[in-house]
Amino acid sequence: MKRLWPLWTILGLLVLIFLQLPSVVVILYAFADMSNYVWPIPAYTLHWFTRMFQDADVLRAVTNTAIVAVVSSLLAACVGMSAALTFYRYRFRGRYALQFVILMPLLLPGILTGVALVSMLSRLGVPLSLLTLVIGHTTFLTAQFFNNTLGQLRLLPRNIEEAALDLGATQFQVLSRVLFPLLKMGLMASLVLALTMSIDEIAVTFFLTGRELTLPMWILGRIRLGVDLPLINAVGVVMLLVSIVGVGLTWSRLYKSPWSR
Amino acid sequence: MLRKLHLAGAAYFYRARSLSLALGLAPSVLWLAVFYFGSLLALIATAFWRCQGPVVIKTLSLYNFERLVTQPLWRLILGRTLLYAVLVGLTDALLALPLAFFLVFVCAPRLRGVLLAFTIAPLWANYLLRAYSWKMVLGTSGVLNTFLMNLGVIGHPVSSLVYSPFSVYIALVHVWLPFAVLPMVAVLERIPHPLLEASEDLGARAWQQIRRVILPLAAPGITAGFFYSFSLTMGDFVTPNLLGSGSQFMGNVIANQFGVNYCPPMGAALAAPLLLTLVVLIGVVARRGVFEAL
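Everything numeric in this text was worked out from a predicted model, so none of it was measured.

Q: How would you sum up the overall build of chain B? Please name residues and give values.
A: Looking only at helices and strands, one finds 13 helices and two strands in chain B. Relative to the 2.2 N^0.38 estimate, which gives 19 Å for 294 residues, the radius of gyration of chain B is 25 Å and therefore markedly larger than a compact globule would have. Overall size of chain B, expressed as C-alpha extent along the three principal axes, is 95 × 65 × 30 Å. Every one of the 294 residues in chain B was classed for burial, and the buried ones make up 52%. The contacts in chain B between residues at least 6 apart in sequence include a share of 68% that link residues at least 24 apart. By element, 70% of the accessible surface of chain B is carried by carbon and sulfur atoms, the whole surface being about 13500 Å². The centroid of the 19 positive side-chain charges in chain B is displaced by 12 Å from the centroid of its 8 negative side-chain charges.

Right, here's the structure in full:
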């Protein structure tokens, strides 16, 4: 295995560079002093960042997106986690089939979730709003939470729970004093991931947003408009910064908790 | 007496078991039954309506499906979407493998954590921007063209880099690649080290070890990586729109039927082959423990 290390290092780093390259370009253009994408960038400016904070549409889109992300992540955390804990605890008939069913919104592309929900809501006469968007996001985030939590639970030594029971803990105490503290960081990590996925999601958002303005819809509109393009990049850079801070705060523990040996 | 008590106790625990089983599963099962499967049923039912101009006629008919089968355009679009999905899925699986090998077998755990964060960092920038960044790179006056001209490789900008099948392909590969890397890293990390040491002690050469030990154990992760990028490509409707040369994909035509071309019944009918393809594929890969790897 060691003989092949140089090969994996070179190939791996090349793939990593391929992954990062476009992001670098996105960041550079956020500071570009021009209104479209021409290379090389003639001059740099912070103009787009000041523009962004004065733009009422951006602020409204950010607020709406944040509301949807927080509400649907928390909802999905409750629903997904209770399913994961039940799966961890019990063996029952149809377990594998049910796991597949819960994961479906994650396995099938978002466009199907989106058009399906729109079909049902329009039949029921429910108007599209932020609430319908929350419903759509919660649906696929539940699958995400279920999957993450179950993965983390599987890595816990089975006998921890048995030891707690032997020592006289009730089922509820096992949950609150043993499982939950062990899972805490993993749950934080799942929550951060869920927030990111919700903010980033476009397929479900595209069909369920209705008249409300959300960040992806704003970006899509600006791209179609085709003027003052670096403004989009500036918004992207701020989002990137926020995510990096959020993930950075949880990452070290996030990474250790699910996969540490 | 004791036996009776014992039975009563067992019965109580049995009831408690099914009670907590039901309580634990109820939220997710109910949510999905109503909002996911309920809506999928509504979608399928909508496919049996039809449009006359801008009016939706709400009587059951097979009209949309007849059009779907008889008009060659739809077959072309489905074929094109499948082709891209397979190519993108294979490319991503192929690119993710060396990166995952590097992260798991070469990097120290600490560095692995940092580099893994970098791997998923593109996910934190908005998806639309990630796709559109390829316009900035491949555009006529974009980074690549200018770079190649400065090198003197080309005399004038190559305009066919962007708005072409190539730009759609490369953007899709890039956008979905992190989703292929993550399950692979997860399975590789779960391979017990003693297994690797044992195979080395037994005289396996590097490639033998990869082929006979690592790849069989990593197969679910590789399948999951392929499936993820395949599925996401099948449903994508933004990247072909932003970077394509106007060629239609399944996602585009479905989105258009729910949007500008307003005819939800036709859109619902078009979603059917998409749904069917993916459900069948899930059925095929499900047996290999792929869901454990996601």
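Following the structure, the description resumes.
Q: Explain the overall build of chain A to me, and be specific about the residues and the numbers.
A: For chain A, the helix and strand inventory stands at 11 helices and zero strands. With the principal axes as the frame, chain A shows a C-alpha extent of 70 × 65 × 30 Å. Counting across all 261 residues of chain A, residues that qualify as buried make up 54%. Once local pairs closer than 6 in sequence are excluded, the contacts in chain A between residues at least 24 apart make up 73%. As displayed, chain A offers around 11800 Å² of accessible surface, 70% of which is attributable to carbon and sulfur atoms. Positive and negative charge centroids in chain A, built from 19 and 10 side chains respectively, lie 12 Å apart.

Q: Explain a nonpolar patch on the surface to me, and be specific about the residues and the numbers.
A: The grouping of Leu 7, Ile 10, Leu 11, Leu 14, Ile 17 and Leu 21 of chain A together with Trp 207 of chain B at the surface amounts to a nonpolar patch, some 680 Å² of accessible area in total. Top contributing element to the nonpolar patch by residue count: helix H1 (residues 5-30) of chain A, with six residues. Locating Ile 17 of chain A in the fold gives a position in helix H1.

Q: Account for helix H4 (residues 109-124) of chain B, naming residues and giving values.
A: Look at H4 of chain B: 22 Å from first C-alpha to last across 16 residues, which is about the 22 Å you get at 1.5 Å a residue. Along H4 of chain B, the positions that sit buried rather than exposed are Arg 112, Gly 113, Leu 115, Leu 116, Ala 117, Thr 119, Ile 120, Ala 121, Pro 122, Leu 123 and Trp 124 of chain B.

Q: Break down the confidence of the model for chain B for me, with residues and values.
A: Residues and elements named next belong to chain B. Chain-level pLDDT for chain B is 84 on average; 92% of the residues reach the 70-or-more range. The secondary-structure element of chain B with the lowest mean pLDDT is helix H13 (residues 290-293), recorded at 60, while helix H3 (residues 72-106) shows the highest, at 93. For this predicted complex, the interface confidence comes out at an ipTM of 0.85, alongside a pTM of 0.87.

Q: Give me the lowdown on the interface of chain A and chain B, citing residues and values where you can.
A: The interface is formed by 84 residues belonging to chain A together with 96 residues belonging to chain B. A combined buried area of about 8600 Å² lies between chain A and chain B, and 76% of that area is made up of carbon and sulfur atoms. For the interface between chain A and chain B, the tally reads one salt bridge. Of the charged contacts, one joins Asp 200 of chain A and Arg 130 of chain B as a salt bridge, the two residues approaching to 2.5 Å between their closest N and O atoms. On inspection of chain A and its partner chain B, the count reaches nine residue pairs in polar contact (both at pLDDT 80 or more).

Q: Let's hear about the packing of aromatic side chains: which residues, and what values?
A: Residues and elements named next belong to chain B. The full count for this structure, using the stated rule, is 19 aromatic pairs over all chains. For the ring pair Tyr 36 and Phe 37, a centre distance of 5.3 Å and an interplane angle of 90° mean the geometry is edge-to-face. By relative accessible area, Phe 37 is classed as partly exposed at 25%. Measuring from ring centre to ring centre gives 5.2 Å for Phe 48 and Phe 65, while their planes differ by 45°; the resulting arrangement is tilted. Taken together, the residues span a long stretch of sequence, with Phe 48 in the loop between helix H1 (2-46) and strand S1 (50-52) and Phe 65 in helix H2 (residues 63-70) at a distance of 17 residues. Note on Phe 48: relative accessible area 27%, which makes it partly exposed. Using a relative accessible area of 22% as the deciding quantity, one classes Phe 65 as partly exposed.

Q: A description of the side chain of Glu 201 of chain A should follow, citing residues and the corresponding values.
A: Within the secondary structure, Glu 201 of chain A sits in the loop between helix H8 (171-200) and helix H9 (203-208). Comment: no salt bridge for buried Glu 201 of chain A; closest opposite-charge side chain is Arg 130 of chain B, at 10 Å. Among the polar contacts listed, one links the side chain of Glu 201 of chain A to the backbone nitrogen of Val 204 of chain A, at a separation of 2.9 Å. Filtering out sequence-adjacent residues up to four positions away, Glu 201 of chain A remains in contact with Gly 110, His 137, Phe 140 and Pro 216 of chain A.

Q: Outline the packing of H3 of chain B against helix H9 (residues 206-235) of chain B, supporting the account with residue identities and numerical values.
A: Residues and elements named next belong to chain B. Contact geometry for H3 and H9: axes closest at 8 Å, N-to-C directions at 135°. With respect to H9, the element H3 is oriented oblique. In the packing of H3 onto H9, the handedness of the crossing is right-handed. Of the residues belonging to the contact of H3 with H9, the class tally is 17 nonpolar, four polar and one charged.

Q: With reference to specific residues and values, describe the state of the cysteines.
A: Residues and elements named next belong to chain B. Tallied over the full model, the rule gives one disulfide over all chains. The disulfide partner of Cys 51 is Cys 263, and the S-S distance across this bridge is 2.0 Å. A torsion of 100° about the S-S bond marks the disulfide between Cys 51 and Cys 263 as right-handed. With Cys 51 in strand S1 and Cys 263 in the loop between helix H11 (250-258) and helix H12 (264-286), this pair connects stretches of sequence that are 212 residues apart. Of the two residues, Cys 51 and Cys 263, both sit in the buried class.

Q: Residue-level account of the pattern of salt bridges, with values.
A: Residue and element names in this part refer to chain B. Scanning the entire structure with this criterion turns up four salt bridges over all chains. Ionic pairing is found between Glu 189 and Arg 112, a salt bridge with its closest N-O pair at 2.6 Å. Residue Glu 189 is found in helix H7 (residues 165-190), and its partner Arg 112 is found in helix H4; the two are separated by 77 residues along the sequence.

Q: Run through the packing of helix H6 (residues 130-154) of chain A against H8 of chain A, naming residues and quoting values.
A: Residues and elements named next belong to chain A. The N-to-C vectors of H6 and H8 enclose an angle of 145°; their axes lie 10 Å apart at closest approach. Read as a crossing pair, H6 and H8 show a hand that is right-handed. Residues His 137, Phe 140, Leu 141, Gln 144, Phe 145, Asn 148, Thr 149, Gln 152 and Leu 153 of H6 touch H8, and the partners they reach there are Leu 179, Leu 183, Gly 186, Leu 187, Ser 190, Leu 191, Leu 193, Ala 194, Met 197 and Ser 198.

Q: I'd love a proper account of the side chain of Thr 81 of chain B, names of residues and values included.
A: Residues and elements named next belong to chain B. Along the chain, Thr 81 turns up in helix H3. Taking the relative accessible area as the measure of exposure, Thr 81 reaches 1% and is therefore buried. Engagement of the side chain of Thr 81 in a polar contact is seen with the backbone oxygen of Ile 77, the distance being 2.7 Å. Not counting chain neighbours up to four residues away, the residues in contact with Thr 81 comprise Met 234, Phe 249 and Met 250.

Cut-offs used in this document
- Residues numbered from 1 in each chain as written.
- Chains lettered and ligands numbered in written order.
- Predicted model: local features only at pLDDT ≥ 70, side-chain atom pairs only at ≥ 80, totals over all residues.
- Heavy atoms only, no water.
- Helix = DSSP H or I, 4+ residues; strand = E, 2+ residues; numbered from the N terminus.
- Rg over C-alpha atoms; globule rule 2.2 N^0.38 Å.
- Buried < 20%, exposed > 50% of the residue type's maximum accessible area, 1.4 Å probe, protein only.
- Contact = heavy atoms within 4.5 Å.
- Areas by Shrake-Rupley, 256 points an atom, 1.4 Å probe, with all protein chains shown as cover.
- Lys, Arg positive; Asp, Glu negative; His and termini not counted.
- Charge placed at Lys NZ, Arg CZ, Asp CG, Glu CD.
- Patch = residues over 30% accessible without salt bridge, like charges linked within 9 Å, V, L, I, M, F, W, Y side chains within 5 Å.
- Salt bridge = Lys/Arg side-chain N within 4 Å of Asp/Glu carboxyl O.
- Expected span 1.5 Å × (residues − 1).
- pLDDT = per-residue confidence, 0-100.
- Buried area = accessible area lost by both parts, 1.4 Å probe.
- Polar contact = N/O pair within 3.5 Å; in protein donor to acceptor, adjacent residues only side chain to side chain.
- Phe/Tyr/Trp six-rings, centres within 6.5 Å; stacked < 30°, edge-to-face > 60°.
- Axes fitted to C-alpha atoms, helices over the stretch in contact; angles between N-to-C directions.
- Parallel < 35°, antiparallel > 145°, perpendicular 65-115°, else oblique.
- Left-handed = near helix turned anticlockwise from the far one by under 90°.
- Nonpolar A, V, L, I, M, F, W, Y, C, P; charged D, E, K, R; others polar.
- Disulfide = S-S within 2.5 Å.

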